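Per-entry structural report
Here is how the chains run, residue by residue.
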Amino acid sequence: MRLTPQILPDREAIGEVVAEIILDRMSAKGDKPFLLGCPSGRTAVPVYDALAREAARGRDLSNLVIVMMDDYVVPDETGRYRVVDPDSSYSCLGFALRDILAPIAAASESSDTAAPSQVWTADPAAPEDYDARISAAGGIDLFLLASGDSDGHVAFNQPGTPRDAKTHIVTLGEATRRDNMATFPEFTHLDMVPGTGVTVGVDTIAWLSAEVVMILSGEHKREAFARITSAEAYEDDWPATIVTECRNPLLLVDRAAAAVPV
Ligand SMILES: O=C(O)[C@H](O)[C@@H](O)[C@H](O)[C@H](O)COP(=O)(O)O
């Protein structure tokens, strides 16, 4: 299904709108856990900031479960993959703990509200278990999605990913590693960016999410904007087009990404 984008002034406005949607859906679930599928990276940061502001205002986010979409992995001494140390700045699990949960927890404490504490990440030694775990919990309530700038990766799904891909180990292509290098100043050379990851598959996203919100913000997302708004269905050379095949999709774009004059 071809998506009609909603264009908002900037990434902060997108953050506010998405946080409102999340709070609305959380209210509808009452006391049940709310599974939020999350990217690390730059795009969703204003959403996480807006959620922390809500927690500071006394909003109870303790039912929030952060379900990370991917992470970098390395082999251990026996050759089995494990996610990289969460203390490393590029760890997605570390990002979830430091940049999503900790600010919400601090804000919750300041307003005397209970804080969320659950972060899920795929076990690279048994990637397929992640889909089973998500499914057993009733699926992702809302999956936040972003697109790679130059190759359209979504989570770590690379160009050429088959439509039926579930959670899997992936060799990261140069374009994905270059895109992600931009996020971490200590990556001064491409060789420093890990070459392997574990990621939810495009089918994990489409099959296991009740709702998805794809965010495109900044000039560097113009190609993604063009590709996603012109797609009718999944195109494997731009995996972020999976959003066209998801249930209840919303495409939120800022003026810079849509090339609309301010
Ligand atoms: O960061 C992640 O968890 C994902 O691997 C990745 O798919 C990311 O969402 C895109 O690379 C966009 O990144 P930016 O939001 O930083 O542009």
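Up top you'll find the structure we're talking about.
A short tour of the structure in this document, coming up. None of these values were measured; they are calculated from a predicted model.

Right, let's talk about the site of the ligand for a bit. Near the ligand there are 15 residues, and of these Arg-42, Thr-43, Asp-70, His-153 and Lys-221 occur at the shortest range. In the model, an oxygen atom of the ligand is placed 3.0 Å from a nitrogen or oxygen of the Ser-40 main chain. For the ligand, an oxygen atom lies 2.7 Å from a polar atom in the side chain of Lys-221. Look at the ligand: alone it shows 420 Å² of surface, and the protein chains cover 97% of it. A molecule is said to occupy a pocket when more than half its atoms come within 2 Å of that pocket's grid points, and by this definition the ligand occupies the largest cavity. Split by residue class, the shell around the ligand holds five nonpolar, six polar and four charged.

Next up on the list: the nonpolar core. Ranked by internal contacts, the top residues of the largest apolar core, which has 39 residues, are Val-67, Phe-143, Leu-145, Ile-205, Met-214, Leu-216 and Ile-228. Of all the secondary structure elements, the ones that give two or more residues to this core are β3 (64-68), α4 (128-136), β7 (142-145), α6 (202-208), β10 (212-216), α7 (222-230), β11 (249-254) and α8 (255-258). No other element matches the four residues that α6 contributes to this core. Ignoring sequence-local partners within four residues, the contact set of Leu-216 consists of Ile-14, Ser-147, Lys-221, Ala-224, Phe-225, Ile-228, Leu-251, Leu-252, Val-253, Asp-254 and Ala-257. Among the nonpolar cores identified, the runner-up in size contains 35 residues, and Leu-23, Val-47, Met-68 and Leu-142 belong to it.

This part is about the environment of Asp-10. Its place among the elements puts Asp-10 in the loop between β1 (6-8) and α1 (11-29). Along the sequence, Asp-10 and Ala-226 sit 216 residues apart, while their C-alpha atoms lie 18 Å from each other.

Here we take up the sheet that holds strand β6 (residues 118-120). Spatially, seven strands are ordered β1-β11-β10-β7-β2-β3-β6 in an open sheet, and the strand pairing comes out parallel. Looking at the sheet topology across the chains shown, the edges are occupied by β1 and β6. Each neighbouring strand pair of the sheet contributes to a mean axis angle of 20 degrees, computed without reference to strand direction. Direction of pairing for strand β2 (residues 34-38) relative to β3: parallel, over a ladder of five bridges. Bridge pairing in β3 places Cys-38 opposite Met-68. Against the sheet, α1 contacts β1, β2, β3, β7, β10 and β11, and its axis sits at roughly 155 degrees relative to β11.

On to the packing of aromatic side chains. Enumeration over the complete set of coordinates arrives at four aromatic pairs. A ring pair is formed by Tyr-48 and Phe-95, whose centres lie 6.1 Å apart and whose planes are at 65 degrees; its orientation type is edge-to-face. Of this pair, Tyr-48 sits in helix α2 (residues 45-56) while Phe-95 sits in helix α3 (residues 92-110), and the two are 47 residues apart along the sequence. In this structure, Tyr-48 and Phe-95 share a single accessibility class: buried. Between Tyr-72 and Phe-156, the ring centres sit 5.2 Å apart and the planes meet at 55 degrees, which makes this aromatic pair tilted. Taken together, the residues span a long stretch of sequence, with Tyr-72 in strand β4 (residues 70-75) and Phe-156 in the loop between β7 and β8 (168-171) at a distance of 84 residues.

Turning our attention to the packing of α2 against α3. The axes of two packed helices give the description: the angle between them and the distance between them. Interhelical geometry of α2 versus α3 gives an angle of 20 degrees and a closest axis separation of 7 Å. Comparing the axis directions of α2 and α3 gives the class roughly parallel. α2 and α3 meet at a crossing whose hand is right-handed. Contacts between α2 and α3 involve Val-45, Tyr-48, Leu-51, Ala-52, Ala-55 and Ala-56 from the first element and Phe-95, Asp-99, Ile-100, Pro-103, Ile-104, Ala-107, Ser-108 and Ser-110 from the second. Partitioned by chemical class, the residues of the contact of α2 with α3 number 11 nonpolar, two polar and one charged.

In this section: the packing of α1 against α2. Where α1 meets α2, the axes come as close as 7 Å, and the angle between the chain directions of the two elements is 55 degrees. In terms of orientation, α1 and α2 fall into the oblique class. Remark: the crossing between α1 and α2 carries right-handed chirality. On the side of α1, the interface is formed by Arg-11, Glu-12, Gly-15, Glu-16, Val-18, Ala-19, Glu-20, Ile-22 and Leu-23, while α2 contributes Val-45, Pro-46, Val-47, Ala-50, Leu-51, Arg-53 and Glu-54. Its residues assigned to classes, the contact of α1 with α2 comprises nine nonpolar, one polar and six charged.

We now examine empty space enclosed by the protein. Within this structure, the stated rule accounts for one cavity of 30 Å³ or more. The calculated volume of the largest cavity comes to roughly 320 Å³. If you go around the largest cavity, you meet 23 residues; those closest to its centre are Ser-40, Gly-41, Arg-42, His-153 and Asn-180. Of all the secondary structure elements, the ones that give two or more residues to the lining of the largest cavity are β4 and α5 (174-181). Residues of the lining of the largest cavity, tallied by class, amount to 10 nonpolar, eight polar and five charged.

Rules used in this analysis
- Residues numbered from 1 in each chain as written.
- Predicted model: local features only at pLDDT ≥ 70, side-chain atom pairs only at ≥ 80, totals over all residues.
- Heavy atoms only, no water.
- Near = heavy atom within 4 Å.
- Polar contact = N/O pair within 3.5 Å; in protein donor to acceptor, adjacent residues only side chain to side chain.
- Areas by Shrake-Rupley, 256 points an atom, 1.4 Å probe, with all protein chains shown as cover.
- 1 Å grid on protein atoms, 1.4 Å probe; cavity = no way out; pocket = protein on both sides within 12 Å on 5 of 7 lines; lining within 4 Å.
- Sits in = over half its atoms within 2 Å of the grid points.
- Nonpolar A, V, L, I, M, F, W, Y, C, P; charged D, E, K, R; others polar.
- Core = buried A, V, L, I, M, F, W, Y, C linked by side-chain atoms within 4.5 Å.
- Buried < 20%, exposed > 50% of the residue type's maximum accessible area, 1.4 Å probe, protein only.
- Helix = DSSP H or I, 4+ residues; strand = E, 2+ residues; numbered from the N terminus.
- Contact = heavy atoms within 4.5 Å.
- Pairing = 2+ DSSP bridges.
- Axes fitted to C-alpha atoms, helices over the stretch in contact; angles between N-to-C directions.
- Phe/Tyr/Trp six-rings, centres within 6.5 Å; stacked < 30°, edge-to-face > 60°.
- Parallel < 35°, antiparallel > 145°, perpendicular 65-115°, else oblique.
- Left-handed = near helix turned anticlockwise from the far one by under 90°.
- Points joined across faces, edges and corners; volume = space filled by probe spheres on them.

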